[in-house]
Protein chains: 2
Amino acid sequence: MTVVLAGADSAPRFDSSTRLDAYVAAHEFDRPTLVIDVDRVETQYRALKAGLGRADIHYAVKANPARDVIARLVKLGSHFDAASRGEIEICLGEGATPDQISFGNTIKRRQDIEWARDSGITLFAADAEEELEKIAEIAPGSDVYIRLIVEASEADWPLTRKFGCDGDTAIRLMDYAKSIGLKPVGMSFHVGSQTRRAEMWAPALDALAKVWHAAKAAGHDLTLLNIGGGFPAFYGEAIQAPTDYAAAVIEMVRARFGDVPRIMAEPGRGMVAEAGVIVCEVLLVSRKSDRDVHRWVYLSIGRFSGLAETEGEAIRYQFATPRDADPMGPCIMAGPSCDSADVLYEKRPMPLPLTLKAGDRVLIRNTGAYTSTYSSVCFNGFPPLQVVCF
Amino acid sequence: MTVVLAGADSAPRFDSSTRLDAYVAAHEFDRPTLVIDVDRVETQYRALKAGLGRADIHYAVKANPARDVIARLVKLGSHFDAASRGEIEICLGEGATPDQISFGNTIKRRQDIEWARDSGITLFAADAEEELEKIAEIAPGSDVYIRLIVEASEADWPLTRKFGCDGDTAIRLMDYAKSIGLKPVGMSFHVGSQTRRAEMWAPALDALAKVWHAAKAAGHDLTLLNIGGGFPAFYGEAIQAPTDYAAAVIEMVRARFGDVPRIMAEPGRGMVAEAGVIVCEVLLVSRKSDRDVHRWVYLSIGRFSGLAETEGEAIRYQFATPRDADPMGPCIMAGPSCDSADVLYEKRPMPLPLTLKAGDRVLIRNTGAYTSTYSSVCFNGFPPLQVVCF
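Keep in mind that what you see is a predicted model, and the values were worked out from it rather than measured. (Residues numbered from 1 in each chain as written. Chains lettered and ligands numbered in written order. Predicted model: local features only at pLDDT ≥ 70, side-chain atom pairs only at ≥ 80, totals over all residues.)

Some details on the overall build of chain A
And then number 1: Along its length, chain A carries ten helices and 16 strands.
And then number 2: A globule of 390 residues ought to have a C-alpha radius of gyration of about 21 Å, and chain A, at 22 Å, matches this closely.
And then number 3: For the C-alpha atoms alone, the extent of chain A along its principal axes is close to 70 × 45 × 40 Å.
And then number 4: Counting only residues that meet the buried cut, chain A has 57% of its 390 residues in that class.
And then number 5: In chain A, the proportion of contacts linking residues at least 24 apart, taken out of those at least 6 apart, comes to 74%. (Helix = DSSP H or I, 4+ residues; strand = E, 2+ residues; numbered from the N terminus. Rg over C-alpha atoms; globule rule 2.2 N^0.38 Å. Buried ≥ 20, exposed ≤ 12 C-beta atoms within 10 Å, placed from the backbone. Contact = placed C-beta atoms within 7 Å.)

Following this line, the structure appears as structure tokens:
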């Protein structure tokens, strides 16, 4: 298993050596804009699929629901993981068929289950009795999979306990699902966002396999294993290349679960992040005091207009400016709003050119995932992040 | 100075004893909706103005830019603090005149300064050399006030160091502003959001007064003091009633600054929070494990669809349900998205009825400020928070 700098060729720079860079260099943008190279999404889909083999890719629409992205994935034969009625509507609108879509949110409004049923959706996630009761009442006979909490995460972003249930509860819920007329066909889990290397999946897969085999021993005919997301994007730290990564995960699954008839994988970030770049600008560079060591650099985009994942400085994006050949110095970075929480990087200042000034263009690399949809409607009167696909 | 439970009569309940409750009780809402009683905004404006006397209220538009709210405030003679071109456009569109609007964001895009100048705006905030240079170049001769950092906050939400500069820098910036053709007319600061009692302003006002008098001694003719926001709303903890609060602050200002020709106050939260209630519903109540002490309650609204201020559990909203007469038990609360960060209250669980279940209506009290605008465009395919003014 070779660990390579999968994104090494997308290290910060400000030129036009990729198709994305060439497009951005040739265009002006009057407001912060996410530019997505849809061909790059296709390349990534093919790379992941080559490793995943017969497993179905259910693209996690929430990562980026741009219609051009969905349309291309439909064309490639992708399936979809939808979090809401809104996302299902987009997928169906771009030509996906209902059997290609799973309603993967474990928290569904009764009316949305009804609408999904009427639209032909037959596969639902659940992690609680009340959710199963809603599905059984509204869409009797549906296939359901039970989501487990897996605590043994090695991800950069381990998940909270918001989703899933423990192993005992899962088996009890499968019994219950059957008793109220549903088909409990399998299980799902999530290894945690941005799990950088395949071997980091081992503890979570081990934990899930125990519950899986216990459920089978208890008489459940399990035919569906949903391994969720966690597929990484390059944010500056080495990640394994997508085909190797996916193949290694699938091999680990086979070793623990045998030949499961249906395997689902839900890449979101790992599918689209590297296909996008945000173009924005510097609004102000300042020092608060003569004694301040660091400059403050304020961008035209912030936590409430697209960069929500900088919360807690969780994801450190890579920035490129036309002055990157000049000497660099550490900066605190912040967004444009009159909100004191709209600070991007302060605990670990970011190196930026000492010559940087208001009006300079800034590229934020590999921002195709979890940016446009997190953008607020109009916080502080700033319009939402614009999206351009090409 | 009497400290009263200003919001005691808006303590959680689920009836129709106020105009807002009556409206909500009489209507159905198919998605999470913020309902604003514009008369209640007027009552609050009058109460604050009664205490502030001749100081100008510059409503902080970012707290809630609903057109009906702005229109009513224009009618009442309010002035406005705008964070962006978008907010200035709303104010002008509802009939405010340019002299009633200050461009209070210290981080302004060059093109937006230009647009504001052409729209007749003549008062700008700044806290850095480069910002002054932009204003001097684009809108020469403008009035500017310098924003200071005041570290001595006793607010519930002390601000970060994102805005303002220290005292030495402020005086240097005033000299610089004059040298490049601007009129440095005054100073501003912000005591911190949700400063619950007037006496909590004392340390900040003391710190500001030192710089103010030093600037005067250095020859600056200061005519404008902008005391910013910080005016509180009732979120369950006692706050001082608005007229008493405002009068006490103004008295503290007079004692430290004398008779300043022009005083600006920028209530945002303190103007609109109590005029709004969010109507949403329970989507799911569950337990993750037989060993779990707390239930999880999932609402149809979360951190990315309006409740951004629950980040770090900073603001604890008050919830009301039709089952509040039933026995209560502690709950972890979360939003509807497939995002593990979309958790509202976990460190300090919230008491909710043991009988609560999917489909139940939930009211979230005093949510008129910093909710609708924080809402994301479509995260997870959920539409933004709907706003109804009446």
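Focus on the pairing of strand S13 (residues 328–334) of chain B
Residues and elements named next belong to chain B.
And then number 1: Of the strand pairs in this sheet, strand S11 (residues 295–299) and S13 are connected by four bridges, and their pairing is parallel. Its bridge partner lying in S13, Arg295 is registered against Cys331.
And then number 2: Note: S13 against strand S14 (residues 343–353), six bridges, orientation antiparallel. Counterpart to Gly329 in the pairing with S14 is Leu352. (Pairing = 2+ DSSP bridges.)

Some points on the relation of the copies chain A and chain B
And then number 1: By a simple turn and slide, chain A fits onto chain B: the slide is 0.0 Å along the axis, the RMSD is 0.0 Å, and the turn is 180°. Taken together, these values place the two copies in the relation of a two-fold axis. Closest to the rotation axis within chain A is the C-alpha of A:Ser376, separated from it by 1.9 Å. (Least-squares fit on C-alpha atoms with pLDDT ≥ 70 in both.)

Here's the deal with the interface of chain A and chain B
And then number 1: On the chain B side, the residues contacting the 59 residues of chain A number 59 residues.
And then number 2: Only helix H4 (85–93), helix H6 (129–138), helix H7 (167–179) and strand S10 (276–286) of chain A provide two or more residues apiece to the side of chain A that touches chain B.
And then number 3: It is S10(A) that provides the largest number of residues to the side of chain A that touches chain B, a total of four residues.
And then number 4: Of the residues that constitute the side of chain A that touches chain B, the class distribution is 25 nonpolar, 17 polar and 17 charged. (Nonpolar A, V, L, I, M, F, W, Y, C, P; charged D, E, K, R; others polar.)

Regarding the packing of helix H2 (residues 38–52) of chain A against helix H9 (residues 242–257) of chain A
All names here are of chain A.
And then number 1: Two elements in contact, H2 and H9, have axes whose closest approach is 7 Å; the angle formed by their N-to-C orientations is 30°. It follows from the interaxial angle that H2 and H9 lie roughly parallel. The interaxial crossing formed by H2 with H9 has right-handed handedness. In this structure, H2 uses Gln44, Ala47, Leu48, Ala50, Gly51 and Leu52 to contact H9, whose residues at the interface are Pro242, Thr243, Asp244, Tyr245, Ala246, Ala247 and Ile250.
And then number 2: Looking at side-chain class alone, the contact of H2 with H9 contains nine nonpolar, three polar and one charged residues. (Axes fitted to C-alpha atoms, helices over the stretch in contact; angles between N-to-C directions. Parallel < 35°, antiparallel > 145°, perpendicular 65-115°, else oblique. Left-handed = near helix turned anticlockwise from the far one by under 90°.)

Concerning the pairing of strand S9 (residues 262–265) of chain A
Taken residue by residue, a regular strand's side chains alternate between the two faces of the sheet.
All names here are of chain A.
And then number 1: In the sheet, strand S2 (residues 56–60) pairs with S9 via two bridges, with the strands oriented parallel. Bridge assignment links Ile57 to a residue of S9, and that residue is Ala265.
And then number 2: What joins strand S8 (residues 224–226) to S9 is H9, and the crossover it makes is right-handed. (Right-handed = clockwise from strand over helix to strand, strands pointing away.)

Let's talk about unusual backbone geometry
And then number 1: The residue A:Glu313 is not glycine, and still its phi comes out positive at about 55°.
And then number 2: Structurally, A:Glu313 is set in the loop between strand S11 (295–299) and strand S12 (319–320).
And then number 3: On the basis of neighbour count, A:Glu313 is assigned to the partly exposed category, with 15 C-beta atoms found within 10 Å.
And then number 4: Of note, the phi angle at B:Tyr370 is positive, near 55°, even though the residue is not glycine.

With respect to helix H6 (residues 129–138) of chain B
And then number 1: Buried within H6(B) are the following residues: B:Glu131, B:Leu132, B:Lys134 and B:Ile135. Looking straight down H6(B), one finds its buried side chains confined to an arc of 160°; they lie on one side.
And then number 2: Residues of H6(B) that are buried make contact with S10 of chain A together with helix H5 (110–118), strand S5 (123–126), strand S6 (143–147) and helix H7 (167–179) of chain B. (Arc of directions from axis to C-beta.)

Overview of helix H5 (residues 110–118) of chain A
Residues and elements named next belong to chain A.
And then number 1: Every buried residue of H5 is listed here: Asp112, Ile113 and Ala116. Down the axis of H5, the sector holding all buried residues measures 105°, keeping them to one side.
And then number 2: The inward-facing, buried residues of H5 contact H4, strand S4 (101–103) and H6.

Concerning the confidence of the model for chain A
Residue and element names in this part refer to chain A.
And then number 1: Taken residue by residue, chain A gives an average pLDDT of 93. The fraction at 70 or more is 94%.
And then number 2: Confidence drops under a pLDDT of 50 for residues 1–12, and excluding neighbours within four residues, the segment shows 28 contacts in the predicted structure.
And then number 3: In the model output, the complex is listed with pTM 0.94 alongside ipTM 0.93. (pLDDT = per-residue confidence, 0-100.)

Quick word on the packing of helix H8 (residues 202–217) of chain A against H9(A)
All names here are of chain A.
And then number 1: Across the interface, H8 lies against H9 with an axial gap of 10 Å and an inter-helix angle of 30°. As judged from the angle between their axes, H8 and H9 are roughly parallel. By crossing handedness, the relation of H8 to H9 is classed as right-handed. Packed against H8, whose contacting residues are Ala202, Leu205, Asp206, Ala209 and Trp212, the element H9 presents Met252, Val253, Arg256 and Phe257 at the interface.
And then number 2: For the contact of H8 with H9, the per-class residue count stands at seven nonpolar, no polar and two charged.

Some details on the environment of A:Ser289
And then number 1: Residue position: A:Ser289 is located in the loop between S10 and S11.
And then number 2: It is 63 Å that separates the C-alpha atoms of A:Ser289 and A:Ala215, two residues lying 74 residues apart in sequence.
And then number 3: Ignoring any residue separated from it by four or fewer positions in sequence, one finds A:Ser289 in contact with B:Cys165, B:Asp166 and B:Thr169.

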